[in-house]
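# Structural overview for review
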Amino acid sequence: MENRYGTTSDMIIQEVENNGVTQLIAIDSKGLYLTTRDRVDRMVADVNRYGVPRQVVNQSLEDLGLDPLQLFNANKHLIKTDTGQAKGKALNPIKASKRRG
């Protein structure tokens, strides 16, 4: 089962110390975010992923001496593509089975 809102270990870039708290830098299609180890690989939404604006995260990373843009570009290969339903009109399988072609 895919977890579209949580954080998985393959999304983690590196560990950082932020104000005495160990945090993990993670990446998704919207950019970088900071999370904690207890939020990784759980089948629930990660509040750190959606609860903080990405501009705030980028500022926090800059305060730690990191370059958010460079980190994102170097790790964008880790971003998972959406494997959900195809965009566009949904196909009705009953009607599709009656088509002759």
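Residues numbered from 1 in each chain as written. Predicted model: local features only at pLDDT ≥ 70, side-chain atom pairs only at ≥ 80, totals over all residues. Heavy atoms only, no water.

### Considerations on the sheet that holds strand 3 (residues 31-35)
Overall, antiparallel pairing links the three strands, which are arranged 1-2-3 in an open sheet. One side of each edge strand has no neighbouring strand; the edge strands of this open sheet are strand 1 (12-18) and strand 3. Ignoring which end each strand starts from, the neighbouring axes of this sheet average 30° apart. Judged from the five bridges that link them, strand 2 (residues 21-28) and strand 3 form a sheet pairing that is antiparallel. Its bridge partner lying in strand 3, Ile27 is registered against Leu32. Contacting strand 2 and strand 3, helix 2 (residues 54-63) runs over the sheet at an angle of about 75° to strand 3. (Pairing = 2+ DSSP bridges. Helix = DSSP H or I, 4+ residues; strand = E, 2+ residues; numbered from the N terminus. Axes fitted to C-alpha atoms, helices over the stretch in contact; angles between N-to-C directions. Contact = heavy atoms within 4.5 Å.)

### With respect to the side chain of Gln23
Within the secondary structure layout, Gln23 lies in strand 2. In terms of polar contacts, Gln23 uses its side chain to reach the side chain of Asn18, at 2.9 Å. Contact partners of Gln23, with chain neighbours within four places excluded, come to Gln14, Glu15, Val16, Asn18, Leu34 and Thr35. (Polar contact = N/O pair within 3.5 Å; in protein donor to acceptor, adjacent residues only side chain to side chain.)

### What to know about helix 2
Among the residues of helix 2, Arg54, Val57 and Leu61 are the ones counted as buried. Projection of helix 2 onto a plane perpendicular to its axis shows the buried side chains occupying an angular sector of 55°, all on one side. For helix 2, the exposed residues lying more than 90 degrees away from the buried face are Gln55 and Asp63. Where helix 2 is buried, its residues meet strand 2, strand 3, helix 1 (47-50) and helix 3 (68-75). Gly65 lies just past helix 2 and shows a positive phi near 85°. (Buried < 20%, exposed > 50% of the residue type's maximum accessible area, 1.4 Å probe, protein only. Arc of directions from axis to C-beta.)

### Points about the side chain of Asp46
Mapping Asp46 onto the fold places it in the loop between strand 3 and helix 1. Arg39 provides the closest opposite charge to the buried, unpaired Asp46, separated from it by 4.5 Å. Here the side chain of Asp46 touches Thr35 through a polar contact of 2.7 Å, side chain to side chain. (Lys, Arg positive; Asp, Glu negative; His and termini not counted. Salt bridge = Lys/Arg side-chain N within 4 Å of Asp/Glu carboxyl O.)

### A look at unusual backbone geometry
In this structure, Asn19 is a non-glycine residue whose phi angle is positive, near 55°. Take Asn19: it is sitting in the loop between strand 1 and strand 2.

### Concerning the confidence of the model for the chain
Detail in the predicted coordinates should be disregarded across regions flagged by low pLDDT. Scored by pLDDT, the chain comes out at a mean of 86, with 82% of its residues at no less than 70. Summarising per-element confidence for the chain, the mean pLDDT is lowest in helix 4 (residues 93-98) (67) and highest in helix 3 (96). (pLDDT = per-residue confidence, 0-100.)

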